[in-house]
Amino acid sequence: MSSVPAAEVGVPAASKHRRRRSDLRLVLGFSAAALVLVAVGPYVLPDYLVNNLVRAFLYAVVALTVDILWGYTGVLTFGQSAFFGIGAYAAGLVFTHMGFSPAHAWLAFGAAILVSALVAVLVGWLSFYHGASPLYASVVSLVLPIAVTQLLYSGGTFTGSSSGLSGFASFDIEMNTWFWIAGAFLVLVTGAAWMFVRSDAGRVLVAIRENEPRCEYLGINVSRVKILLLVVMAVIAAMAGYAFAGVQMVVAPEYAGFVFGTELVIWVALGGRGTLIGPVIGTLLIDVSTAYLSGNLPFIWKLIIGLAFVVVIVALPQGIAPLVKRLFRGGGAVDPAKQAPALGIAREEPLAGLAGGGVHAISLHDVRKHFGSLVVLQGIDFQARRGELLSLVGPNGAGKTTLMRCISDGAERSGGTVLVNDHDIERKPPYDCVAFGVGRKFQNANTFDALTVAESLRIARTRLERPSVWTRAGVLELPEAALKVMQATGLDQKLGGEVRHLSHGQKQALELAMVLALEPSVLLLDEPTAGLTKPERMLIGQILVELTGKHGLCILLVEHDLDFVREISSRVIVLHQGRLVLDGTVTEVVESELVRTIYAGGGRIGGAAR
Amino acid sequence: MSTAALELADVHSGYGEAVVVREVALDIRPGEIFVLLGKNGMGKSTLLKTVMGFLPLLRGRVRMFDEDISGMQPHRIARKAVAYTPQEQALFQDLTVEDNLRLALRDDRMLKPGVDRIGAFFPFIPQRMKQRAGTLSGGEQKMLLVARALMTRPRLMLVDEISEGLQPSVIEKLASVFKAEREQSSTAILLIEQHVKFALAVADRYAVLKLGEIVDRGLVGAANAEQSITDHLAV
């Protein structure tokens, strides 16, 4: 793989034939090697081991789905066993009650996919609705296998109740062939998962795990992404279950149960969550060794597994995968996913904005907000047009941040109406407000710690450029304003660095660049230059002025430095104890008696420039 | 020379293999306010985290009140009558204002007199003891952070960019709070700041950190101090 220089800033927009980068060759190499092992396996391994490995391969496929959900996306799930069970029972029920034929095999396969997908949509909708907590999703995932097993128990002779279904006719395939099928399936799923998690779309999952609110405010419909992901993972698990029933010719409620679902989580944890290869190794090791040893050591075996779990958690909190990786690479290799792309300008012409136009960029009417009996905002009425840089000043605790929140999330306010670019935001969630043109920079640096600078910016572009599920783009194209912020603060030199290692001020600047990368037409900035030095603040001030002047953005800015406000604003509004008390030109407001008394103090230190 | 509250000698620190702070030598005496300036990303916060034991000391020594604390664990350093107010995420967001203050105290009986004392500086605190800290505004959270540090009656305060996000009049108040604390209790205070005017108004001595090294230091009262600082921050 060619290594791209850390930053080729100012690459002209002509680089339309941008280089896409992927690990295709690496993955194909590994997969080919694994397939060779699978091909020779049945000839060199004892029959008993071949039998056990077929089952372990299928379990490992399910463990992979758990790893993608839990390890990458942060959704701890105990419910993947239910989808495995649905796939297994689709085969078991069709073959038992209708007999086996190729047509019935296809019917059962279709039913496995359809039913698991439908159940996943339902479960996903229940687990991931806007604002649901991760704990809630885990509880739902625990309830699902319990519900499915109860359904199977109460199915009488149709489902075979607690003894399940057995003795049905199935594919006339030898065990060796099953070994090849299951092995190839596992290699295929692992390879595809590997490509996916390292693609631009795969990084979105990590971004969701790291900071869900930030994703929503970057216009990503997190619920929909999670539901879609769950559906795909459910279908894969159901396919494994289908194959399992085909080879074992027996299905039982336990395979859909939460004990199996929990075991999957343990295997993933032992192998190393978020590594893909770890869960596969963990599953194969434990499942096969269990088959060999649980017969000889019926009671002690569970204890040994338990102890191994404790030892791994204490000694290798990342699981065994990193250990294996270190053995292979000597720890020196650079993670290709961390290599930074080159920077480019998205387009030369002025920002179109996500949804610019309309009479007013922002229009608030009688906006109120209270927490219980505590009134934070009351009767807020104001309008702002395109091209205005409106500063919002007021004492600490006046309600400035709350007001920003009410403009960017329809669920926030207690009453009144908010229009963005003439669209009523109603009760819409943040990602819909982003679609109306809102870009919000939070008060505290709100970024993705585990991602690199370049990856974070790419996440911010998700809404505008659908990310690939296979590859990573070689060039990161940003609007000019975002590029300028990067250059002004030296971030363009740190594209490949992880965000967690940035200073506070650099995180602030990165978040500002991310919001600008969204190409908003209404920009809400909550102390965007906090933590930056005066020269950096001045540069960012110039960029903001240019955004309003040249690109016609409307900016609402919360700032405490009155000199900074004076220099860049076109209008100032003052918030005091939840009410708008002043609205006027910069000079009128900054010189007013009210601002002096409630805000500025004696003026020797505070109002002065930094 | 009297005992230093904090003394750094040849301190090197960083993250993993990346050395971010180099050859830093400082001493802060009781009753002194010292300000460390520098652009962002120059290693200021890293230095404080190293003093508090959150980051490994790669080379050099750290002494607090004549005791060598190099390599000591954070919770043991925190018992040395030092109060550290970090830049980010330092409050328990789901606890009330009162519980946040109480957690910093060894003895619950100190709560009442403590709140009375800090209430004089920050009147909103005694009025809103039952409010969840996470629902305070950004600036109020900063004030609560300082209040919590003052409640513990520290002999040494390490304060990371406290003026950020505060309204001008509150920044002025903070300056007087720090000065009063120094005069009444001889507390040594190390401030990290980007706000030059505030820094110069409150501190006795200063140093400028650049790429992890101290490139300028002196008395705030010196005639050329402000010019020298501005020059070093500009480049």
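Residues numbered from 1 in each chain as written. Chains lettered and ligands numbered in written order. Predicted model: local features only at pLDDT ≥ 70, side-chain atom pairs only at ≥ 80, totals over all residues.

## Thoughts on the overall build of chain A
The condition that has to hold: Secondary structure follows DSSP: runs of H or I at least 4 residues long count as helices, runs of E at least 2 residues long count as strands, and numbering of each begins at the N terminus. In this scheme the burial state of a residue depends on its C-beta neighbours within 10 Å: 20 or more other such atoms mean buried, 12 or fewer mean exposed, and anything in between means partly exposed; the C-beta positions come from the backbone. Contacts are defined on C-beta atoms placed from the backbone: any two residues whose C-beta positions lie within 7 Å are in contact.
Looking only at helices and strands, one finds 23 helices and 16 strands in chain A. Out of the 610 residues in chain A, the part that is buried amounts to 52%. The long-range share in chain A, meaning contacts at least 24 apart out of those at least 6 apart in sequence, stands at 79%.

## Re the overall build of chain B
Formally: Throughout, radius of gyration means the C-alpha value; the globule benchmark is 2.2 Å times the number of residues raised to the power 0.38.
Looking only at helices and strands, one finds nine helices and ten strands in chain B. Relative to the globule expectation of 18 Å for 235 residues, the C-alpha radius of gyration of chain B, 17 Å, shows essentially globular dimensions. Principal axes of the C-alpha set define a box for chain B whose edges measure 45 × 40 × 35 Å. Residues counted as buried form 46% of the 235 residues belonging to chain B. Taking as baseline every contact in chain B between residues at least 6 positions apart, the subset at least 24 positions apart corresponds to 66%.

## Regarding the sheet that holds strand 7 (residues 156-160) of chain B
Residue and element names in this part refer to chain B. Using the following cut-off: Each pair of strands is called paired provided DSSP finds at least two bridges between the two strands. Each axis is a line fitted through C-alpha atoms, taken for helices only over the stretch in contact, and angles between the N-to-C directions span 0 to 180 degrees.
With respect to topology, six strands assemble into an open sheet ordered 6-7-8-3-9-10, the strand pairing being mixed. Where the open sheet ends on each side, the last strands, each with one partner, are strand 6 (82-85) and strand 10 (213-219). Taking the axes of each pair of neighbouring strands and ignoring which way they run, one obtains an average angle of 15° across the sheet. Against the sheet, helix 1 (residues 44-51) engages strand 3 (33-37), strand 6, strand 7, strand 8 (188-193) and strand 9 (205-210), with an angle of about 145° to strand 7.

## Some thoughts on the packing of helix 11 (residues 258-271) of chain A against helix 12 (residues 277-296) of chain A
Residue and element names in this part refer to chain A. What counts, and what does not: Helix crossings get a hand from a simple test, with the near helix turned counterclockwise from the far one by less than a right angle marking a left-handed crossing and a clockwise turn marking a right-handed one.
Following both chains from N to C, one finds helix 11 and helix 12 inclined at 115°, their axes separated by 7 Å at the closest point. In the crossing of helix 11 with helix 12, the sense of the turn from one axis to the other is right-handed. In contact with Trp267, Val268, Leu270 and Gly271 of helix 11, helix 12 contributes Gly278, Pro279, Val280, Ile281, Gly282, Thr283 and Ile286.

## With respect to the interface of chain A and chain B
In plain terms, the rule: Each residue is assigned to one class: nonpolar for Ala, Val, Leu, Ile, Met, Phe, Trp, Tyr, Cys and Pro, charged for Asp, Glu, Lys and Arg, and polar for all the others, Gly among them.
On the chain B side, the residues contacting the 31 residues of chain A number 32 residues. Considering every element that reaches the side of chain A that touches chain B, the biggest residue donor is helix 19 (residues 504-517) of chain A, with three residues. Residues of the side of chain A that touches chain B, tallied by class, amount to ten nonpolar, 18 polar and three charged.

## Quick notes on the nonpolar core
Nonpolar side chains tend toward joint burial in soluble globular proteins. Using the following cut-off: One nonpolar core equals one set of buried Ala, Val, Leu, Ile, Met, Phe, Trp, Tyr and Cys residues connected by C-beta atoms within 7 Å. Here the bounds of each domain stem from an automatic or database domain assignment.
In terms of nonpolar packing, the biggest core is built from 181 residues, with Val485(A), Ala513(A) and Ile555(A) touching the most fellow members. Ranked by residues supplied to this core, first place goes to helix 10 (residues 222-248) of chain A with 17 residues. Counting contributing residues per domain, this core is built from domain 1 (21-260) and domain 2 (345-448 + 480-487 + 521-600) of chain A, each supplying no fewer than three. Contact partners of Val485(A), with chain neighbours within four places excluded, come to Ala509(A), Leu512(A), Ala513(A), Leu516(A), Ile540(A) and Ile543(A). With 69 residues, the next largest nonpolar core counts Leu36(B), Leu101(B), Leu191(B) and Ala203(B) among its residues.

## A short note on the environment of Arg427(A)
All names here are of chain A. Among the secondary structure elements, Arg427 is positioned in the loop between strand 9 (423-424) and helix 16 (430-435). A C-alpha to C-alpha distance of 48 Å links Arg427 and Lys325, two positions 102 residues apart in sequence. In contact with Arg427, other than residues within four places in its own chain, are Gly410 and Ala411.

## Side note on the packing of helix 7 (residues 175-197) of chain A against helix 10 of chain A
Packed helix pairs are specified by the crossing angle of their axes together with the interaxial distance, meaning the distance between the axes. All names here are of chain A. Selection rule: Should an angle lie under 35 degrees it is considered roughly parallel, over 145 roughly antiparallel, and from 65 to 115 roughly perpendicular; all remaining angles are considered oblique.
Orientation of helix 7 relative to helix 10, taken along the N-to-C sense of each, is 170°, at an axis distance of 11 Å. The angle between the axes of helix 7 and helix 10 places the two elements in the roughly antiparallel class. Residue-level inspection shows Trp178, Ile181, Ala182, Phe185 and Val189 of helix 7 in contact with helix 10, the latter providing Ile236, Ala243 and Val247. In terms of residue class, the contact of helix 7 with helix 10 is made up of eight nonpolar, no polar and no charged.

## Regarding the sheet that holds strand 4 (residues 57-64) of chain B
Residues and elements named next belong to chain B. Pairing within the open sheet is antiparallel, and its four strands lie in the order 2-1-4-5. In the strand order of this sheet, the two ends are held by strand 2 (18-28) and strand 5 (67-68), each with one partner. Pairing geometry for strand 4 and strand 5, over two bridges, is antiparallel. Residue pairing across strands places Met64 opposite Glu67, the latter belonging to strand 5.

## A look at unusual backbone geometry
Its identity as a non-glycine residue notwithstanding, Asp422(A) has a phi of 70°, on the positive side. With respect to the helices and strands, the residue Asp422(A) is situated in the loop between strand 8 (415-420) and strand 9.

## Focus on the environment of Leu478(A)
For Leu478(A), the position within the fold is in strand 12 (residues 475-478). Taking C-alpha positions, Leu478(A) is 43 Å from Phe84(A), a pair spaced 394 residues apart along the chain.

## Examining the domain arrangement of chain A
All names here are of chain A. Entries for chain A in the domain assignment read domain 1 (21-260) and domain 2 (345-448 + 480-487 + 521-600). With eleven residues of domain 1 at the interface, the matching set in domain 2 holds ten residues. Counting only elements with at least two residues in the side of domain 1 that touches domain 2, the list comes to helix 8 (200-210) and helix 9 (212-217). Ranked by residues supplied to the side of domain 1 that touches domain 2, first place goes to helix 9 with three residues. Taken together, the residues that form the side of domain 1 that touches domain 2 break down as four nonpolar, four polar and three charged.

## Overview of helix 20 (residues 534-549) of chain A
Residues and elements named next belong to chain A. Convention followed: Each residue after the first adds 1.5 Å to the expected span of a helix.
The end-to-end C-alpha separation of helix 20 is 22 Å, in line with the 22 Å expected for 16 residues at 1.5 Å each. Among the residues of helix 20, those classed as buried are Lys534, Glu536, Arg537, Ile540, Gly541, Ile543, Leu544, Leu547 and Thr548. Of the surrounding secondary structure, the elements contacted by the buried residues of helix 20 are strand 7 (389-393), helix 18 (480-488), strand 14 (554-558) and helix 21 (562-568).

## Topic: the pairing of strand 5 (residues 362-371) of chain A
Residues and elements named next belong to chain A. Where strand 5 and strand 6 (residues 374-384) come together, seven bridges link them in antiparallel fashion. The partner of Leu364 across the bridge, within strand 6, is Phe382. Counting the residues that bridge the hairpin from strand 5 to strand 6 gives two residues, and of these Gly372 lies at a positive phi of roughly 60°. Alignment of strand 5 against strand 8, held across five bridges, turns out to be antiparallel. Directly across from Arg368, in strand 8, lies its bridge partner Gly415.

## Description of the domain arrangement of chain B
Residues and elements named next belong to chain B. You can read the domains of chain B as domain 1 (6-81 + 155-234) and domain 2 (91-153). Here the C-alpha centroids of domain 1 and domain 2 sit 24 Å apart. Across the contact, eleven residues belong to domain 1 and nine residues belong to domain 2. Per-element tally for the side of domain 1 that touches domain 2: the top contributor is helix 7 (residues 168-185), with six residues. In terms of residue class, the side of domain 1 that touches domain 2 is made up of six nonpolar, three polar and two charged.

## Describing the pairing of strand 15 (residues 571-576) of chain A
All names here are of chain A. Examined bridge by bridge, strand 7 and strand 15 share four bridges and lie parallel to one another. When the bridges of strand 15 are listed, Leu390 appears paired with Arg571. Where strand 15 meets strand 16 (residues 579-584), five bridges bridge the pair, whose relative direction is antiparallel. By the bridge assignment for strand 16, Ile573 is matched with Asp583. Taken together, strand 15 and the strand that follows it, strand 16, pair antiparallel across an intervening segment of two residues, in which Gln577 is found at a positive phi of about 50°.

## With respect to helix 23 (residues 593-600) of chain A
For the record, the criterion: To be clear, the arc concerns the directions from the helix axis to the C-beta atoms.
Among the residues making up helix 23 of chain A, those that are buried are Val595(A), Tyr599(A) and Ala600(A). Here the buried residues of helix 23 of chain A occupy an arc of 65° about the axis, which is enough to place them on one side. Summarising the geometry of helix 23 of chain A, the exposed residues directed more than 90 degrees from the buried face are Glu593(A), Leu594(A) and Thr597(A). Along its buried surface, helix 23 of chain A packs onto strand 7, helix 21, strand 15 and helix 22 (586-590) of chain A together with helix 7 of chain B.

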